[in-house]
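Secondary and tertiary structure notes
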Amino acid sequence: MLSDGAKLGRYEIIALLGAGGMGEVYRARDPRMDRDVAIKILPATFSTDPERLRRFEQEARAAGALNHPNLITVHELGTHDGGPFIVSELLEGETLHTRLSASALPLRRTLDYAMQIARGLAAAHEKGIVHRDLKPENLFITRDGRVKILDFGLAKLKAPREDLRSAAPTDQQTHPGTIVGTAGYMSPEQVSGLPVDHRSDLFSFGSIVYEMITGRQAFQRSSGVETMNAVLKEEPPELSEVQPTTPPALDRVIRHCLEKHPEARFQSARDLAFDLEAISDPSTPSGSRQRVAAQRRRLVPILLALIVAAAIAAVIFYAGRASRKLSPPTFRRLTFQKGFVSGARFAPDGQIVYSANWSPTNSQIFTSRLDSPEARPFDVRNAAILDVAQSGDMLILVNERSPGISPGGTLARMPLAGGAAPREVMEKVRFADADSNGTDLAIVRVVDDGDLLEWPVARVLYKSPGWIGYPRISPARDGVAFVDYPRGGDDGSVAFVDRSGKKTVLAGGFLSVRGLAWSPDGREVWFAASRSGAGRSLHAVDRQGKQRPIFYVPGNLTLYDIAADGRVLVVNSDERTLVGFVDRNGVEHDLSWLDSSYGTDISEDGKFVLVSESGEGIGSEYVIYLRTTDGAPAVKVGGGFPSTFSRDGRWFVANTYPKTPAQLLIYPTGPGSPRQVTHDSMNYSDTRWFPDGRRILTTARDGSKGSRVYEIDLATGKQRLLTEEGFRVSGGVSPDQKLAEISDLKASHFLLPLDGGPMRPLPETLRGLGRVRWSADGQSIYFSKKGALFPDRWGPTELLQFDLATKRLDRVALISKPDSIPYGISATPDGKSFIYNHWSLRSDLYLATGLE
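Rules and cut-offs
- Along each chain, residue indices are assigned from 1 in the same order as the chain's sequence is written.
- With pLDDT at 70 or above as the cut-off, local features in this predicted model cover only qualifying residues; side-chain atom pairs require 80 or more to be listed or tallied, and sums for whole chains, interfaces and linings still use all residues.
- Side-chain metrics rest on all non-hydrogen atoms present in the structure, leaving aside hydrogens and water.
- Secondary structure follows DSSP: runs of H or I at least 4 residues long count as helices, runs of E at least 2 residues long count as strands, and numbering of each begins at the N terminus.
- Exposure categories follow from relative accessible area, calculated using a 1.4 Å probe and restricted to protein chains: below 20% of the type maximum is buried, above 50% is exposed, and the middle band is partly exposed.
- Contact criterion: two residues are considered in contact whenever any of their non-hydrogen atoms come within 4.5 Å of each other.
- For accessible areas, the Shrake-Rupley method is used with a probe of radius 1.4 Å. Any residue's cover is judged against the shown protein chains and nothing else.
- Working definition of a nonpolar core: buried Ala, Val, Leu, Ile, Met, Phe, Trp, Tyr and Cys residues. They are joined through side-chain atoms within 4.5 Å.
- Throughout, an axis means a line fitted to C-alpha atoms (over the contacting stretch in the case of helices), and angles, computed between N-to-C directions, take values from 0 to 180 degrees.
- Just so you know how the angles are binned, under 35 degrees is roughly parallel, over 145 roughly antiparallel, 65 to 115 roughly perpendicular, and the rest oblique.
- Paired strands, as defined in this entry, are two strands with at least two bridges between them according to DSSP.
- Salt bridges are counted wherever a side-chain nitrogen of Lys or Arg sits within 4 Å of a carboxyl oxygen of Asp or Glu.
- Think of the arc as the fan of directions from the helix axis to the C-beta atoms.
- Predictor confidence is given residue by residue as pLDDT, running from a minimum of 0 to a maximum of 100.
- Only centres within 6.5 Å qualify two rings of Phe, Tyr or Trp (six-membered ring in Trp) as a pair; their planes then separate them into stacked at under 30 degrees, edge-to-face at over 60, and tilted for everything else.
- Charges are assigned to positions over rings by a cutoff of 6 Å between ring centre and Lys NZ or Arg CZ, combined with an angular limit of 35 degrees from the ring normal.

**Structural notes on the overall build of the protein**
Scanning the protein from terminus to terminus reveals 10 helices and 54 strands. By residue count, 53% of the 852 residues in the protein fall in the buried class. Long-range pairs, those at least 24 residues apart, make up 45% of the contacts in the protein between residues at least 6 apart in sequence. In the structure as shown, the protein presents an accessible area of about 37,300 Å², 51% of it carried by carbon and sulfur atoms.

Shown next as structure tokens:
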């Protein structure tokens, strides 16, 4: 601590103003400029970490470059005894926190302060600087009523508060997954440890304005953990109940800031300031109010003319639409059999073409006319409709040549009029769409390490490490809209890629997206998606990323096509994921819990099962449950996605999916606390335990690099790279800990010596089989095989045992479900007990009219 009169460079210390975890603040004299300044000296620990110091200097210089009346002015950055300090303007007044400790603020003053804060944020955001810890303590009210935002550039370096340490890592750098901020004001993405941008500050802004109006925090609870949970899942009390005099327009602004998803908030602080100004008449200073009144008097004649013109236009517009707007949207059901609709399109002549599985082993294409309930089948089996070109040719997908190796099928053309067999065009295609002229095709082609979006064929516009769905060429033929699933699941984003290959995410953050199409005027992309749980409804987004809801329904919609007259083809599905358990006596039990149960592993003694839930019963998270196979109620363990049990059953490993990057967690099955194993930028998956319980074998992907296999020591966190790119963990580690069974991108299997020897390929008969585990004696490996039918449905699933000595592959169990699709087996080491998942699905095709 510096004494009064001490020198800090050219500055003379006058007095200590305050001290805390982020350093000491002094009042000092700058003789060169003949002014008093504030000097903030940061803790000495900053100087011991070069990377931290470098980042602090970078952030502080960026903050120093800001010049705005609502941002504190930074004069200089220096060091003292090896520690950094900041010289800034000296402010006299009090923080907003102090002001609010007395009571809520009057509406007029709230609007005044809110506009100033919004303008300051806009200036900072335009320079690429995000505060990350906006709160009343960091907002200073000067004696003349000016608001100053403090500590830009420092929030990124702050450790979590004490009351949050049980809920977040205490690493002070902003590694992914680290919670940085103050519980009552953090955005949901901060609470979740996700990357943040300027929209996170807007959520904090909404919380602060709510507090200025009501005198109480929007999400404050009795503990930091409960407060963060409220930020994630709850809405603050209605302003109309707490402060009835709040203008509805201001209420809407605050609610817009407090949206849980960044895409639903204001997209810029400048837009926010503009909206506040529109409702800020009570806060306009009297001197400028006269100028505003004069301007309004001059504008009156112009506004009257505009109003009259708008009224005339509205009458004409609504008169033409009246008959259409008098009734709500209507839905006409087109299919009535039990099964699954896999695709649907409008044909140029007005017919509707769809493909469906009305039996467990067959997918067929049908045509239907609206004047008849009958549907005519085409004489082609195991096929799905992708598109109908203007020429009348159907683009269809027919059964794959090598079932089980990859999800792609064979693209073929077939006349809508019939009379000719399909003409095959290309293999390993997932989707295809014809342009408005029917000449060029946009296709999604499956490759070993992801999907390629090509338009025209053979010209790659985009590559995804996961998969790509539902490509649709824009009516202007300047690009392709599609759904990007980079992590390989059902969660993804709606994107657009132009002819040069520039990709733009139009709408993201969805837990489930199925189907999209261009609106009739080509200005919007309509799509079916959900941000929480499994229920998907219709949404629209324009080229600039502005989103709006179209229609909400109970159930799960998939959007297949939109006609030029606005009619829409959608499928509404009733779907559940279930967990079956087969005991040692061959008796089956249902271990499902909520609506989207997925079993990932069974303990070696066959007594415990790991279940993931991610549907409507959970909301916007993934939650892990532990179930006993005796049918007792499930026990909620925590968040993330579970992988496998340790050999003794005392622990299991999971990852933080769907958070990105997905980090590894270790959970106890009994008393104890979970802990995070990794803290880096890699995405982890497919994790298996070493039998000694001290190490794990895992698959990790770093950014755009391919997946690789690592060994991680749980005591030290030390990682050992075992493979080059293109490999993933499959069966795991042998009982003697000498071998690991892994697979490559083509689903071929290998034995990897853990002492560093060369990999040994396993027979090609195992190619495409799924992972299960090693047998107890290490002499064989269990695999699973799903029957490759088509599409999105498959037949019986088999549990197989491969003998390493004889190379013999024997069936251990056959699982067949007449009304659902079995997949994903996990077995005990003796193969006598196992769990499996099955997907129960029924869908119906509807023609919707009146949607806008």
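This is not the end of the story, as more comes after the structure.
**Digging into the nonpolar core**
Of all hydrophobic cores here, the largest spans 49 residues; its most connected members are Phe205, Met212, Leu272 and Leu276. Broken down by secondary-structure element, the contributors of at least two residues to this core are helix H2 (96-100), helix H3 (107-126), strand E8 (139-142), strand E9 (147-149), helix H5 (198-214), helix H6 (224-233), helix H8 (248-257) and helix H9 (269-278). Examining the composition of this core, we find that 10 residues originate from one element, H3, more than from any other. Judged by nonpolar contacts, the second largest core, of 40 residues, contains Leu395, Val483, Val497 and Val525.

**Let's talk about the packing of H3 against H5**
H5 packs onto H3 with a crossing angle of 170° between their chain directions and a minimal axis gap of 11 Å. Between H3 and H5, the crossing angle belongs to the class labelled roughly antiparallel. Facing Thr110, Tyr113, Ala114, Ile117, Ala118, Leu121 and His125 of H3, the residues of H5 in contact are His198, Asp201, Leu202, Phe205, Val209, Met212 and Ile213.

**Things to note about the pairing of strand E35 (residues 623-628)**
Summarising burial for E35: 5 of the 6 residues are buried, a large majority. The pairing of strand E34 (residues 608-613) with E35 spans 6 bridges and is classified as antiparallel. Its bridge partner being in E35, valine 609 is matched across the sheet by arginine 627. Looking at chain direction, E35 and strand E36 (residues 635-639) are connected through 4 bridges and run antiparallel. When the sheet's bridge partners are listed, leucine 626 is paired in E36 with valine 635.

**Some details on the pairing of strand E28 (residues 537-542)**
The buried fraction of E28 amounts to 6 of the 6 residues, a majority that puts the element mostly inside the structure. Here E28 shows no split at all, with Ser537, His539 and Val541 on one side and Leu538, Ala540 and Asp542 on the other all buried. Pairing between strand E27 (residues 524-530) and E28: 6 bridges, direction antiparallel. Within E28, the position partnered with valine 525 by the bridge is valine 541. Pairing analysis gives 4 bridges linking E28 to strand E29 (residues 547-551), with the strands arranged antiparallel. The partner of valine 541 across the bridge, within E29, is glutamine 547. Remark: 4 residues form the turn of the hairpin made by E28 and E29, two consecutive strands paired antiparallel; glycine 545 in that turn has positive phi of roughly 90°.

**A look at unusual backbone geometry**
Cis geometry is adopted by the peptide bond preceding proline 456, which originates at tryptophan 455 and carries an omega value of -10°. Along the chain, proline 456 falls in the loop between strand E20 (450-454) and strand E21 (460-464). Between threonine 660 and the following residue, proline 661, the backbone shows a cis peptide bond with an omega angle of -5°. Within the secondary structure, proline 661 sits in the loop between strand E38 (651-655) and strand E39 (664-668).

**Section: the pattern of salt bridges**
Pairing between side chains of opposite charge can happen when their charged atoms approach one another. By the definition in use, this model includes 43 salt bridges. Across the pair arginine 270 and glutamate 126 runs a salt bridge, and its minimum N-O distance is 2.5 Å. Note that arginine 270 is positioned in helix H9 and glutamate 126 in helix H3, a separation of 144 residues in sequence. Look at arginine 270 and you get partly exposed, because its relative accessible area is 47%. The exposed category is assigned to glutamate 126, whose relative accessible area is 53%.

**Details of H6**
Of all the positions in H6, only Gly224, Thr227, Met228, Ala230 and Val231 are classed as buried. Projected down its long axis, H6 carries its buried residues within an arc of 155°, all on one side. Those residues of H6 hidden inside the fold are in contact with helix H4 (188-191) and H5.

**Things to note about the confidence of the model for the protein**
For the protein, mean pLDDT is 83; residues scoring 70 or higher make up 84% of the total. Low confidence marks residues 400-406, where pLDDT is under 50. Its contacts with residues over four positions away, or in another chain, come to 13 contacts. Note on residues 788-793: pLDDT under 50 across the span, and 29 contacts to partners over four residues away in sequence or across chains.

**Regarding the packing of aromatic side chains**
Within this structure, the stated rule accounts for 17 aromatic pairs. A ring pair is formed by tryptophan 467 and tyrosine 485, whose centres lie 3.9 Å apart and whose planes are at 5°; its orientation type is stacked. Placement of tryptophan 467 in strand E22 (residues 467-473) and of tyrosine 485 in strand E23 (residues 479-485) is noted, with a sequence separation of 18 residues between them. Across the pair, exposure class does not vary: tryptophan 467 and tyrosine 485 are buried alike. Among the aromatic residues, those joined into a cluster by ring pairs are Tyr598, Tyr622, Phe641, Tyr657 and Tyr823. Seen from the ring of phenylalanine 378, arginine 376 lies directly overhead, with NZ or CZ sitting 4.9 Å from the centre.

**Remarks on H8**
Buried residues of H8: Leu250, Asp251, Val253, Ile254, Arg255 and Cys257, and no others. Looking at the buried residues of H8, the elements they touch are H3, H5, helix H7 (239-242) and H9.

**Some details on the sheet that holds E9**
With antiparallel pairing, 3 strands are arranged side by side in an open sheet as E7-E8-E9. A single partner strand is all that each edge strand has here, and the edge strands are strand E7 (93-95) and E9. Taking the axes of each pair of neighbouring strands and ignoring which way they run, one obtains an average angle of 25° across the sheet. Where E7 and E8 come together, 3 bridges link them in antiparallel fashion. Bridge pairing links threonine 95 to phenylalanine 140 in E8. Here H3 sits on the sheet in contact with E8 and E9, set at roughly 35° to E9.

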